[in-house]
Amino acid sequence: MQPKFKKSYRFAVKTSLYLTIYVTLLTSVFLFIFYSFNIWYILVLAVSTFIFSFFVTQYRVERFIYKRVKKIYDDLTLLESTSITKGTITTDMKTLTQEIDKFARDKKIEIESLKVREQYRKEFLGNVSHELKTPLFTVQGYILTLLDGAMEDKNLREKYLERASKGVERLGYIVKDLDMITKLEIGDLSLNPEVFNIVELVENVFDMLEMKAAKKRITLTFDTDYSKPIMVNADKERIQQVLANLIVNSIKYGQEKGTTEVSIENLIKNKVIVRVTDNGEGIDKKDLSRIFERFYRVDKSGSRKEGGSGLGLSIVKHIIEAHDEKIYVESEYGVGSEFSFTLEKVE
């Protein structure tokens, strides 16, 4: 790699000029005192001294700086910097300073990002451990109780086996959802887009969750009568999962005799926005920024009684983003929540 030298000529010119003036004056005084003074000799001496001094100074200074700058580049290369080693090595101090500053800023951002990821990793592992531990200990407790003699009582046996079965079912939810969210994050879960009627899909989800909503006497409804189909282009199965997760959440945190309302509106020419609104307990402002995180629960105790994997909203966000669409949330504590997402509309 050849060195690229810039703006170092000014230093060489000034240094050569100072040397030339000094040597010329010294020689002029010497000739004036001991020999005859000749202006042409002095001019030739001045020019030759200047040229010689310029090249010697320029070369020596460049080599001196280059060796030390190259050492800096080599040291930075050990840190696997991808930005500072792309171009040729420069001895221009201003350019070098800018590159070093940029490198330092990039490394600072990278270090801060790694710290955030490490903290997130610790929280995630702690959450996974806690979520798996609860149903595992539950199942283990019921099985041990049965083995200790409760198996002889038919009523207890059936009761404990049913509870153990629910614990295993919850474990299955967690493992299945973890597998899905991992595939979504690494882009390994392929989408199968198709054109379908989003109104009909919402009706299907309503039918599927009708009994669950009836237990809390929550009404599942549209905001208006959609007499005409609204066609969208997306992965039908995944969007059904999104709607199911959002509506299940609205039922889970909804008030007795409450309402879960779905509306579908035109956003722009080729986009619709689907809104799922409830009049439930709502979400506190401090929790809004974290509700899409894996295992994050607004209600740390009550939500676990409702079951689920704690990954529903995180999966919803990843599915919508896999469609290159957006998801939004608005909520007021004690009033209710509204989750909305966009989809590509087909005329």
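As the structure is a computational prediction, the values presented were derived from the model and not from experiment.

How each quantity is defined
Residues numbered from 1 in each chain as written. Predicted model: local features only at pLDDT ≥ 70, side-chain atom pairs only at ≥ 80, totals over all residues. Heavy atoms only, no water. Helix = DSSP H or I, 4+ residues; strand = E, 2+ residues; numbered from the N terminus. Buried < 20%, exposed > 50% of the residue type's maximum accessible area, 1.4 Å probe, protein only. Contact = heavy atoms within 4.5 Å. Pairing = 2+ DSSP bridges. Core = buried A, V, L, I, M, F, W, Y, C linked by side-chain atoms within 4.5 Å. Patch = residues over 30% accessible without salt bridge, like charges linked within 9 Å, V, L, I, M, F, W, Y side chains within 5 Å. Areas by Shrake-Rupley, 256 points an atom, 1.4 Å probe, with all protein chains shown as cover. Salt bridge = Lys/Arg side-chain N within 4 Å of Asp/Glu carboxyl O. Lys, Arg positive; Asp, Glu negative; His and termini not counted. Charge placed at Lys NZ, Arg CZ, Asp CG, Glu CD. Axes fitted to C-alpha atoms, helices over the stretch in contact; angles between N-to-C directions. Parallel < 35°, antiparallel > 145°, perpendicular 65-115°, else oblique. Left-handed = near helix turned anticlockwise from the far one by under 90°. Nonpolar A, V, L, I, M, F, W, Y, C, P; charged D, E, K, R; others polar. pLDDT = per-residue confidence, 0-100. Phe/Tyr/Trp six-rings, centres within 6.5 Å; stacked < 30°, edge-to-face > 60°.

Q: Describe the overall build of the protein, naming the residues involved and giving the relevant values.
A: When its secondary structure is counted, the protein shows ten helices and seven strands. Every one of the 347 residues in the protein was classed for burial, and the buried ones make up 36%. Within the protein, residue pairs in contact and separated by at least 24 positions form 72% of the contacts whose partners lie at least 6 positions apart.

Q: Tell me about the side chain of His 318, and please be specific about residues and values.
A: By secondary structure assignment, the location of His 318 is in helix α10 (residues 312-322). By relative accessible area, His 318 is classed as buried at 19%.

Q: Any details on the environment of Ile 239? Residues and values, ideally.
A: Turning to its location among the elements, Ile 239 is positioned in helix α7 (residues 236-252). As a C-alpha pair, Ile 239 and Val 316 span 77 residues in sequence and 8.6 Å in three-dimensional space. In this structure Ile 239 touches Phe 196, Ile 198, Leu 201, Ala 234, Ile 320, His 323, Phe 341 and Leu 343, once residues within four positions along its chain are discounted.

Q: How would you explain the pairing of strand β6 (residues 327-332) if you had to name every residue and give the values?
A: Inspection of the sheet shows β6 paired to strand β7 (residues 336-345) by six bridges, in the antiparallel sense. In the sheet register, Val 329 faces β7, and the bridge partner there is Phe 339. The antiparallel pairing of β6 with β7 creates a hairpin that spans three residues between the two strands, and Gly 334 there sits at a positive phi of about 85 degrees.

Q: Tell me about the nonpolar core, and name the residues and values.
A: Residues Ile 198, Ile 239, Leu 243, Ile 247, Ile 264, Phe 341 and Leu 343 are the most contacted members of the largest nonpolar core, which totals 47 residues. Broken down by element, the residue count for this core peaks at seven residues, all from α7. Core analysis: the next-biggest nonpolar cluster, separate from the first, contains six residues, Leu 146, Ala 150, Tyr 160 and Ala 164 among them.

Q: Which residues make up a negative patch on the surface, and what values go with them?
A: Judged by side-chain charge, Glu 200, Glu 203, Asp 207 and Glu 210 come together as a negatively charged surface patch. Of all the elements, helix α5 (residues 198-208) adds the most residues to the negative patch, at three residues. According to the relative accessible area criterion, Glu 203 is partly exposed, its value standing at 40%.

Q: Go over the packing of α5 against α7, please, and point to the residues and values.
A: Close contact between α5 and α7 brings their axes to 10 Å; oriented N to C, the two are set at 50 degrees. It follows that α5 is oblique to α7 by the angle criterion. As α5 packs across α7, the resulting crossing turns out to be right-handed. Facing α5, whose interface residues are Ile 198, Leu 201, Val 202, Val 205, Phe 206 and Met 208, α7 presents Lys 236, Ile 239, Gln 240, Leu 243, Ala 244 and Ile 247. By residue class, the composition of the contact of α5 with α7 is ten nonpolar, one polar and one charged.

Q: Tell me about the packing of α7 against α10, and name the residues and values.
A: One can describe the packing of α7 onto α10 by two numbers: an axis separation of 9 Å at closest approach and a directional angle of 145 degrees. Of the two possible hands of crossing, α7 and α10 adopt the one that is left-handed. Within the contact between the two elements, α7 uses Arg 238, Ile 239, Gln 241, Val 242, Asn 245, Leu 246 and Asn 249 and α10 uses Gly 312, Leu 313, Ile 315, Val 316, Ile 319 and Ile 320. In the contact of α7 with α10, the residues fall into eight nonpolar, four polar and one charged.

Q: Any details on a nonpolar patch on the surface? Residues and values, ideally.
A: On the surface, a cluster of nonpolar side chains totalling about 430 Å² of accessible area is made up of Leu 17, Tyr 18, Ile 21 and Leu 25. When you line up the elements, Ile 21 lands in helix α1 (residues 9-34). Given the relative accessible area of 42%, Ile 21 is considered partly exposed.

Q: So what's going on with the confidence of the model for the protein? Residues and values would help.
A: Here the protein averages 77 in pLDDT, and 74% of its residues register 70 or above. Within the model, pLDDT remains below 50 along residues 301-305, and this stretch shows six contacts once partners closer than five positions in the same chain are excluded.

Q: Please give an account of the packing of aromatic side chains that cites residues and values.
A: Centre distance and the angle of the planes are the two values used to describe a pair of aromatic rings. Taken as a whole and assessed by the stated rule, the structure comprises four aromatic pairs. Arranged with centres 6.3 Å apart and planes meeting at 85 degrees, the rings of Phe 292 and Phe 339 form a pair that is edge-to-face. In this pair, Phe 292 is assigned in the loop between α8 (285-288) and α9 (302-305) and Phe 339 in strand β7, connecting sequence segments 47 residues apart. Overall, Phe 339 belongs to the buried group, its relative accessible area being 8%. These aromatic residues form a ring-pair network of at least three members: Phe 206, Phe 222 and Tyr 226.

Q: Got a sec to walk through the pattern of salt bridges? Specific residues and values, please.
A: Working definition: two side chains of opposite charge can pair if their charged atoms are close together. Following the criterion strictly, the structure yields five salt bridges and no others. Between Arg 275 and Glu 338 there is a salt bridge, with the nearest N and O atoms lying 3.1 Å from each other. Of the two residues, Arg 275 sits in strand β5 (residues 271-278) while Glu 338 sits in strand β7, which places them 63 residues apart along the sequence. Residue classification places Glu 338 among the buried residues on the basis of a relative accessible area of 19%. The partner of Lys 317 in a salt bridge is Glu 321, and the shortest N-O contact between them spans 2.7 Å. Here Glu 321 and Lys 317 lie together in helix α10, a separation of four residues that amounts to about one turn. The partly exposed category is assigned to Lys 317, whose relative accessible area is 26%. Under the relative-accessibility criterion, Glu 321 is labelled partly exposed at 39%. Salt bridges sharing common partners tie together Glu 265, Arg 275 and Glu 338.

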